[in-house]
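Per-entry structural report
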Amino acid sequence: MCFGRTASSMGKIVSQDELVQVTAREKRAGRRVIFTNGCFDLLHPGHVRCLAEARALGDVLVVAINSDRSVRGNKGPERPLVPEQDRAEVLAGLASVDYVTIFDEPTPRELISRVLPSVLVKGADWALDQVAGREEVEAAGGSVVSVPLAPGYSTTSIIQRIRNAGAHVSAASRDTHNKP
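Residues numbered from 1 in each chain as written. Predicted model: local features only at pLDDT ≥ 70, side-chain atom pairs only at ≥ 80, totals over all residues. Heavy atoms only, no water.

**What about the side chain of Thr101?**
Within the secondary structure, Thr101 sits in strand β3 (residues 99-103). For Thr101, a relative accessible area of 1% gives the class buried. Only 2.8 Å separates the side chain of Thr101 from the backbone oxygen of Val14, close enough to count as a polar contact. If we skip the residues at most four places from it in the chain, Thr101 touches Val14, Ser15, Gln16, Leu19, Val63, Ala64, Ile65 and Leu111. (Helix = DSSP H or I, 4+ residues; strand = E, 2+ residues; numbered from the N terminus. Buried < 20%, exposed > 50% of the residue type's maximum accessible area, 1.4 Å probe, protein only. Polar contact = N/O pair within 3.5 Å; in protein donor to acceptor, adjacent residues only side chain to side chain. Contact = heavy atoms within 4.5 Å.)

If you want it as structure tokens, here you go:
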């Protein structure tokens, strides 16, 4: 039986101020901090693979997730499907993820400028010149890495498949109920 958050994920979800402190401590200890961000609305294998690739680039993986308000602003009023605290908890449960924080702005540029990771990672669907925080990270001597996306995985396409399946079930149900 499970009761609430697991002990292993509880210390991984931190405020932005805590994140800045812990990453500064990690960098002083000579560890490479990797930073990535996203909505992570419905966690799927594409996310898990991207996070594992990001983690392989350094010692400490930080994942910043868009707040519910930020997701609505970026994706529309029907998103997110999963609330921010639940998304944070799921990500914190992954072995590849060391810290999770939530940001409320449209992009994490300000947070990235405070953390200044060694490596900033985004999926290949983002042009490098469009990556928020790129200038700040590169100016501090860090790098920006684009990781390939796992083909066939996207939250938007999963949502569409669910909606299509629901439409087919509803149509079949109507057909069954309308037969004499």
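Further notes follow.
**Concerning the pattern of salt bridges**
Pairing is possible between side chains of opposite charge, provided their charged atoms come close. Per the stated rule, a full pass over the model turns up ten salt bridges. The partner of Arg79 in a salt bridge is Asp41, with the nearest N and O atoms 2.7 Å apart. You can see Arg79 sitting in the loop between α4 (68-75) and α5 (84-92) and its partner Asp41 sitting in the loop between β1 (33-38) and α3 (45-55), a full 38 residues away along the chain. Judged on exposure class, the residue Arg79 and its partner Asp41 are both buried. The partner of Glu138 in a salt bridge is Arg134, and the shortest N-O contact between them spans 3.1 Å. (Salt bridge = Lys/Arg side-chain N within 4 Å of Asp/Glu carboxyl O.)

**Details of unusual backbone geometry**
A cis amide bond links Arg79 with the next residue in sequence, Pro80, at an omega value of 0°. Structurally, Pro80 is set in the loop between α4 and α5. Despite not being glycine, Phe40 shows a phi value in the positive range, around 50°. In this fold, Phe40 is placed in the loop between β1 and α3.

**Some remarks on a nonpolar patch on the surface**
Taken together, the side chains of Leu43, Val48 and Val90 define a hydrophobic patch exposed on the protein surface, amounting to about 200 Å² of accessible area. Its location among the elements puts Val90 in helix α5. (Patch = residues over 30% accessible without salt bridge, like charges linked within 9 Å, V, L, I, M, F, W, Y side chains within 5 Å. Areas by Shrake-Rupley, 256 points an atom, 1.4 Å probe, with all protein chains shown as cover.)

**Describing α4**
Because an α-helix packs 3.6 residues into every turn, residues spaced three or four apart end up facing the same way. Residues of α4 that are buried: Asp68, Ser70 and Val71. Projected onto a plane normal to the axis of α4, the buried residues spread over an arc of 160° and lie on a single side. Projecting away from the buried face of α4 at angles above 90 degrees are the exposed residues Arg69 and Gly73. The secondary structure elements touched by the buried residues of α4 are β2 (60-66), α5 and β3. Gly76 occupies a position one or two residues after α4 and carries a positive phi of about 115°. (Arc of directions from axis to C-beta.)

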